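# Architecture and fold: a report
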Amino acid sequence: MAQIERGFVTIRDGQVHFRRTGPRQDGRIIWMVHASPASSLNLVPLMRALGEHRSCVAPDTLGNGDSAPPSVPAPDIAWYAEASLRVMDAIGIPQADLYGSHTGAHIVMEMAIQQPHRFGRMVLDGIGMFTPEEKADMLANYAPAVEPDFFGGQMHWAWHFVRDQGWFFPYFKRDAAHLRGIDPPSTEALHDVTVEVLKSIRTYHLAYRAAFAHPDRERLPLVRIPTLIIADDTDPLRVGVSEASRLLPGSVSAIVKDSNTEPGQARKVSMLSNFLSTGRLL
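To start, this report covers the structure provided alongside it. (Residues numbered from 1 in each chain as written. Predicted model: local features only at pLDDT ≥ 70, side-chain atom pairs only at ≥ 80, totals over all residues. Heavy atoms only, no water.)

## A word on the side chain of Gln154
Under the convention used in this document: The numbering of helices and of strands both runs from the N terminus, where a helix is a DSSP run of H or I of at least 4 residues and a strand a run of E of at least 2. Categorising residues by exposure relies on relative accessible area from a 1.4 Å probe, with only protein chains included: less than 20% of the type maximum marks a residue as buried, more than 50% marks it as exposed, and the intermediate range marks it as partly exposed. N or O atoms closer than or at 3.5 Å make up a polar contact, with two conditions inside protein: a donor-capable atom paired with an acceptor-capable one, and, for residues adjacent in sequence, both atoms drawn from side chains. Residues are treated as being in contact if the distance between any of their heavy atoms lies within 4.5 Å.
Inspection of the secondary structure puts Gln154 in helix α5 (residues 153–167). Residue Gln154 is classed as buried on the basis of its relative accessible area, which comes to 10%. Within the local environment of Gln154, its side chain forms a polar contact with the backbone nitrogen of Asp149, the two atoms lying 3.1 Å apart. Among residues more than four places away in sequence, those in contact with Gln154 are Val146, Glu147, Pro148, Asp149, Leu198 and Ile201.

The structure is reproduced here in structure tokens:
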């Protein structure tokens, strides 16, 4: 597996942390934007696999992980996309392919709309296509603003927030009807992701809220680059794949079966690599 390097660049909002892997001289870079919450740490397994043949760069979005907080009080997805483009400029990446997961899928979609000449192909891995009522529910309940307190309540909250996302969707509806039906993450994974959330506990919610408020149905048809819309079969956002594909004529879509197994993940990596290289699935 490819080795992960880490670095920082400075943009006008502050320092941005990023992870990088893969051969830098071969082919177009894959610019990868992580899901909420946490950071580009979420993408390390996929980066290691894709990095065997392609260079991958994944920043911590502003207000997450080790990156500076956003410089505006209520950034929207277009703002996150513009900031991500500035991070690409600061690292020195003129062109790339795009990969985004969940919140990251909304961000890379806007990057492709804002500067289509810079991008070859794009993968949207799990994109939320919520109804207006679901969006309102998510905005009201999914990502509360959290402040540290004298008793360390933020630490307990962050652990249960991360843990319960593995069991329920949405995590705040903790009943049988909303069980995901999969094994929870390992304690090691829970610890690692919780630490990343705690690093940015005051600002983690901003990207979530931007994603829930994103007018995705209006924006998707504006994409002009070849796009693969995908989701794991254990991803609660898989229900949005067919609608997103209909809204983006010419796109390719797929559900990754047995995604919680090593063979399933190997098929996913092969699928992504093939699409990003050729524009076709396996």
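## Some thoughts on helix α3 (residues 103–114)
To keep things clear, this is the line we draw: Any helix carries an expected span of 1.5 Å times its number of residues minus one.
Compared with the 16 Å implied by 1.5 Å per residue over 12 residues, the 17 Å span of α3 between its first and last C-alpha is a close match. Inspection of α3 places Thr103, Gly104, Ala105, His106, Ile107, Val108, Met109, Glu110, Met111, Ala112 and Ile113 among the buried residues, and these make up the whole buried set. Buried-residue contacts for α3 involve β3 (29–33), α2 (77–91), β5 (96–101), β6 (119–125), α7 (204–213) and α8 (216–219).

## Overview of the sheet that holds β5
Counted only if it meets this: Note on pairing: DSSP must find at least two bridges between two strands before they are called paired. The axes used here are C-alpha line fits, helices contributing only the stretch in contact, and every angle between their N-to-C directions lies in the interval 0 to 180 degrees.
Taken in spatial order, the 8 strands make up an open sheet running β1-β2-β4-β3-β5-β6-β7-β8, and their pairing is mixed. Taken across any chain shown, the strands that pair with only one partner, and hence form the sheet edges, are β1 (5–11) and β8 (252–256). Geometrically, the sheet is characterised by an average inter-axis angle of 25 degrees between neighbouring strands, direction not taken into account. With 4 bridges connecting them, strand β2 (residues 14–21) and strand β4 (residues 56–59) associate as antiparallel partners. Its bridge partner being in β4, Arg20 is matched across the sheet by Val57. Its contacts with the sheet put helix α10 (residues 262–278) on β3, β5, β6, β7 (227–232) and β8, and the angle it makes with β6 is roughly 155 degrees.

## Looking at the environment of His214
Topologically, His214 is positioned in the loop between α7 and α8. When its relative accessible area of 4% is taken as the criterion, His214 is described as buried. In sequence terms His214 and Ile77 are 137 residues apart; their C-alpha atoms lie 6.3 Å from each other. Setting aside residues up to four positions removed in sequence, His214 forms contacts with Ile77, His106, Met109, Glu110, Lys135 and Arg219.

## Considering the packing of aromatic side chains
For clarity, the cut-off: Aromatic pairs are defined between Phe, Tyr and Trp rings, using the six-membered ring for Trp, whenever the two ring centres lie within 6.5 Å; interplanar angles under 30 degrees are classed as stacked, those over 60 as edge-to-face, and all others as tilted.
For the structure on display, the rule yields 18 aromatic pairs. In textbook terms, an aromatic cluster arises when at least three aromatic residues are bridged by ring pairs, as seen for Phe130, Tyr142, Trp157, Phe161, Phe169, Tyr171, Phe172, Tyr204, Tyr208 and Phe212.

## Focus: the environment of Ser101
By secondary structure assignment, the location of Ser101 is in strand β5. Leaving out residues up to four positions away in the same chain, Ser101 has contacts with Val33, His34, Ala35, Asp125 and Gly126.

## Description of the pairing of β3
Counted residue by residue, β3 has 5 buried out of 5 residues, so it is predominantly covered. Here β3 shows no split at all, with Ile29, Trp31 and Val33 on one side and Ile30 and Met32 on the other all buried. Bridge count between β3 and β5: 5 bridges; the pairing is parallel. Each bridged residue has a counterpart across the sheet, and for Val33 the counterpart in β5 is Gly100. Bridging between β3 and β4 involves 2 bridges; their strand directions are parallel. Paired with Trp31 across the strands is Val57, a residue of β4.

## Here we look at the packing of α5 against helix α6 (residues 187–199)
Formally: To sort the angles, those under 35 degrees are grouped as roughly parallel, those over 145 as roughly antiparallel, those from 65 to 115 as roughly perpendicular, and the leftovers as oblique. Note: crossing handedness is left-handed where the near helix turns anticlockwise from the far helix by less than a right angle, and right-handed where it turns clockwise. Nonpolar residues are Ala, Val, Leu, Ile, Met, Phe, Trp, Tyr, Cys and Pro. Charged residues are Asp, Glu, Lys and Arg, and all others, Gly as well, are polar.
Where α5 meets α6, the axes come as close as 9 Å, and the angle between the chain directions of the two elements is 125 degrees. Considered as vectors, α5 and α6 are oriented oblique to each other. In this structure, α5 crosses over α6, and the sense of that crossing is right-handed. Here Gln154, Met155, Ala158, Trp159, Val162 and Arg163 of α5 come into contact with α6, specifically with Thr187, Leu190, His191, Val193, Thr194, Val197 and Leu198. Grouping the constituent residues of the contact of α5 with α6 by class yields 8 nonpolar, 4 polar and 1 charged.

Just distances and angles here, no functional claims.
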